[in-house]
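Secondary and tertiary structure notes
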Amino acid sequence: MVFNTKMIFAVLFLCVSATCVIAGDPTLEHEWKITYGTIAPLGVPQQGILINGQFPGPVINCTSNNNIVVNVFNQLDEPILLTWAGVQQRKNSWQDGTPGAMCPILPGKNYTYRFQVKDQIGTYFYFPTTALHRASGGIGMIKIHNRNLIPIPFDKPADEYAVLLGDWYNKGHKSLKNILDSGRSIGRPDGIQINGQSNKVGDANAKPLFTFEAGKTYRLRVCNVGLRLSVNFRIQGHTMKVVEMEGSHTVQNVYDSLDLHVGQCMSVLVTADQTPKDYYFVASSRFAQHPLSTVAVIRYANGNGPASPELPPPPPENTKGIAWSISQFRSFRWNLTSNAARPNPQGSYKYGKINITRTIKLVNTRSSSNGKLRFGINGVSHVDTETPLKLAEYYGVADKVFTYNLMKDEPQEGNKVEVAPNVVNGTYRNFVEIIFENHEKTIQTWHLDGFSFFAVAIEPGRWSPEKRKNYNLLDAVSRCTIQVYPNSWAAVMTTLDNAGMWNLRSEMRERAYLGQQLYLSVVSEARSLRDEYSLPETQQLCGIVEALPKPAPYT
């Protein structure tokens, strides 16, 4: 059974579960049933995780400032949580859907998420943060549109389509989790899927991904929802104009192909200006020892003829490929004259003129602990706790669950790794610089919940303070993910203006599950509703706080 979305317009000032909703902002209400079901993204039947019987799951199609209500019924045999990657959850990490912020939804139970997409637009996706559930599904797109009174910097497209692509394993999430729990790596993926399908060139049974009408322009919202591999995508005979990345309107450059790293999303405009027939949408792995690829069919209405078997070539690999990809990253620029969710131009925020108050340098590591594979950051490999970190902090029992600042702002000498909850204090409203340095031979992708950051630089080698002279301090794209190439570094800047407990993680699920993540605790000492919402009345409790008296709410 698929539940309909309801739109309810608030007439009065409402406070729903202690999360305030401003009068006049529409509320979109969803009811989701999470179940197992048979799927075959690579043609091999396997147990998948479905939402209302769908894989990929339902699209959340909303507008800036909408209030989103999602009642999730867990009909699996394991606890589950969903996160809304890229949605900043302003003042509301209670709804972020990470194990450090929330108790999981137990089997046979339900939980209702309530949050507002406050002052945001863009392309994002949701996914399960528990165990290795993302390897089996539970994934869907989030589309946040501009309000009608805010113009967008391009003509309205004829239609828009969601494209969720990425690597895929034929083993189910339980088998993959067992492999990691035994201390081994899950190894390389089995293939690449596009919207739950994988096709070969010449496959007469391939269903069209979507249909174009000649002469019209379409918006494709594309996200890499895989577990491990960067992907390049391209369309036979067509160019793509990048117009948006994770909530930022970009300078509208045109590309033949685009690299999309794990966890990243972007919007491209494609004009149907070729002879009406079928064309292939191609997705292929990047920087992988064993290349993988797949195709999907784009069909022209009233077209005549199959897609050509001659595919557009992939970009170079190895050292030349990294240089090519870095060059493409540098070509992505913030559109300074365009607005985003608000009427004022994006460029009115002069991030390059703000003084840095703190520099955090993070080095990812691969090591072992007690003979088992672990990944870490600056010598700490994170483990989740029975009591969510945010609840422990709110109830005043943090010292019984974790220790703040085990991880230092600089990597420490030696290869020793400490397996423990990794929680770092962040000072509310400080402007911080985060350096990601990758000494490994594999590409990394990082994501920060609760904020967007300015991706000011990526370069090969090691970072040092004099590298700041190479930063883009004018029009770096504001986004929530950043890739770091092998033996390279990346720098981002952000203001810690969102109180809460926020996850900074590797987007490679194997690495995050085995410790390559941390939580940034940003506390407003005012304990004021101006800065953060109180614990919602309906919030699930677990661990040591379950029997404790509830603290006084913020005022």
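Residues numbered from 1 in each chain as written. Predicted model: local features only at pLDDT ≥ 70, side-chain atom pairs only at ≥ 80, totals over all residues. Heavy atoms only, no water.

The protein chain is annotated in an unreviewed UniProt entry as L-ascorbate oxidase of Sesamum alatum. Under the UniProt heading Sequence similarities (unreviewed entry), the entry covering the protein chain gives this text: "Belongs to the multicopper oxidase family." (UniProt positions renumbered as here; feature names shortened; annotations may be inferred.)

Before going further, it helps to examine empty space enclosed by the protein. The final tally for this structure, using the stated rule, is six cavities of 30 Å³ or more. Roughly 70 Å³ of internal volume is contained in the largest cavity. Around the largest cavity, the lining residues are Ile360, Leu362, Met407, Val424, Ile434, Leu448, Leu504, Leu518 and Leu520. Elements with a contribution of two residues or more to the lining of the largest cavity: strand S24 (358–369) and strand S36 (517–523). Grouping the amino acids of the lining of the largest cavity by side-chain chemistry returns nine nonpolar, no polar and no charged. In this structure, the second largest cavity occupies an estimated 60 Å³ of space. If you go around the second largest cavity, the residues you meet are Asp259, His261, Gln264, Met266, Ser325, Gln328, Phe329, Phe332, Arg479, Gln483 and Tyr485. If one sorts the elements of the lining of the second largest cavity by residue count, helix H2 (residues 318–331) sits on top with three residues. Taken together, the residues that form the lining of the second largest cavity break down as four nonpolar, five polar and two charged. (1 Å grid on protein atoms, 1.4 Å probe; cavity = no way out; pocket = protein on both sides within 12 Å on 5 of 7 lines; lining within 4 Å. Points joined across faces, edges and corners; volume = space filled by probe spheres on them. Helix = DSSP H or I, 4+ residues; strand = E, 2+ residues; numbered from the N terminus. Nonpolar A, V, L, I, M, F, W, Y, C, P; charged D, E, K, R; others polar.)

This next bit is on the confidence of the model for the protein chain. The share of residues in the protein chain with pLDDT of 70 or more is 96%, and the mean pLDDT across the chain is 95. Between residues 1–23, whose pLDDT stays under 50, and residues either more than four places distant or in other chains, the model counts 48 contacts. (pLDDT = per-residue confidence, 0-100. Contact = heavy atoms within 4.5 Å.)

What the rule picks out here adds up to 28 aromatic pairs. On the numbers, 4.0 Å between centres and 10° between planes, the contact of tyrosine 351 with phenylalanine 454 is stacked. Note that tyrosine 351 is positioned in the loop between H2 and S24 and phenylalanine 454 in strand S31 (residues 453–460), a separation of 103 residues in sequence. Among the residues examined, tyrosine 351 registers a relative accessible area of 1% and is labelled buried. Through a chain of ring-to-ring contacts, three or more aromatic side chains come together here, namely Trp32, Trp84, Tyr111, Tyr113, Phe115 and Tyr126. It is lysine 390 that lies over the ring of tryptophan 94; its NZ or CZ is 5.1 Å from the centre. The ring centre of tyrosine 394 lies 5.9 Å from the NZ or CZ of arginine 527, which sits over that ring. (Phe/Tyr/Trp six-rings, centres within 6.5 Å; stacked < 30°, edge-to-face > 60°. Buried < 20%, exposed > 50% of the residue type's maximum accessible area, 1.4 Å probe, protein only. Lys NZ or Arg CZ within 6 Å of the ring centre and 35° of its normal.)

Within the UniProt annotation, "domain: Plastocyanin-like" (unreviewed entry) is assigned to residues 34–148, 160–302 and 387–525. Strand forms 42% of residues 34–148 and helix 0%; the C-alpha atoms that close the span are 33 Å apart.

So, on to the side chain of asparagine 378. Its location among the elements puts asparagine 378 in the loop between strand S25 (372–377) and strand S26 (380–381). At 2.8 Å, the side chain of asparagine 378 and the backbone oxygen of lysine 361 are in polar contact. From its side chain, asparagine 378 meets the backbone nitrogen of valine 363 in a polar contact 2.8 Å long. Not counting residues within four places of it along the chain, the set of residues in contact with asparagine 378 comprises Lys361, Leu362, Val363, Met407, Lys408, Asp409, Glu410 and Pro411. (Polar contact = N/O pair within 3.5 Å; in protein donor to acceptor, adjacent residues only side chain to side chain.)

On to the sheet that holds strand S33 (residues 481–484). Pairing in this open sheet of five strands is mixed, and the strands run S28-S36-S35-S30-S33 from one edge to the other. Only two strands of the sheet have a single neighbouring strand rather than two, namely strand S28 (423–427) and S33. Taking the axes of each pair of neighbouring strands and ignoring which way they run, one obtains an average angle of 20° across the sheet. Pairing between strand S30 (residues 444–448) and S33: four bridges, direction antiparallel. (Pairing = 2+ DSSP bridges. Axes fitted to C-alpha atoms, helices over the stretch in contact; angles between N-to-C directions.)

What follows concerns the state of the cysteines. Working definition of a disulfide: a covalent bond connecting the sulfur atoms of two cysteines. Enumeration over the complete set of coordinates arrives at two disulfides. Two residues, cysteine 103 and cysteine 542, share a disulfide whose sulfurs are 2.1 Å apart. On the sign convention where negative means left-handed, the S-S torsion of about -95° between cysteine 103 and cysteine 542 marks this disulfide as left-handed. Placement of the pair is cysteine 103 in the loop between strand S8 (82–85) and strand S9 (110–116) and cysteine 542 in the segment after S36, with a sequence separation of 439 residues. Using a relative accessible area of 3% as the deciding quantity, one classes cysteine 103 as buried. (Disulfide = S-S within 2.5 Å.)

Quick look at the sheet that holds S8 now. Taken together, the four strands give an open sheet; going across it, the order is S6-S11-S10-S8, and neighbouring strands pair in mixed fashion. The sheet terminates laterally at strand S6 (60–63) and S8, the two strands that pair on one side only. With direction set aside, neighbouring strand axes in the sheet form an average angle of 20°. Two strands pair when backbone bridges link them, and S6 and strand S11 (residues 140–145) are joined in this way by four bridges, in the parallel orientation. Each residue of the ladder has a partner; that of isoleucine 60, found in S11, is isoleucine 142.

This part covers the layout of surface pockets. Roughly 1,200 Å³ of internal volume is contained in the largest pocket. Gln88, Arg90, Asp119, Arg342 and Asp497 are the residues nearest the centre of the largest pocket, which is lined by 46 residues in total. Of all the secondary structure elements, the ones that give two or more residues to the lining of the largest pocket are strand S3 (19–21), S31 and strand S34 (488–495). Considering only residue class, the lining of the largest pocket consists of 19 nonpolar, 17 polar and ten charged. Its volume calculated, the second largest pocket comes out at about 760 Å³.

Okay, the pattern of salt bridges next. Taken as a whole, this structure holds 27 salt bridges when the rule is applied. Linking glutamate 393 and lysine 390 is a salt bridge whose minimum nitrogen-to-oxygen distance equals 4.0 Å. Linking glutamate 393 with lysine 390, this pair stays in helix H3 (residues 389–394), spanning three residues, or about one helical turn. In this structure glutamate 393 comes out as buried when scored by relative accessible area, which is 15%. With a relative accessible area of 2%, lysine 390 lands in the buried category. Here glutamate 459 makes a salt bridge to lysine 467, at a shortest N to O gap of 4.0 Å. With relative accessibility at 13%, the residue glutamate 459 sits in the buried group. Of the residues examined, lysine 467 reaches a relative accessible area of 23% and is grouped as partly exposed. (Salt bridge = Lys/Arg side-chain N within 4 Å of Asp/Glu carboxyl O.)

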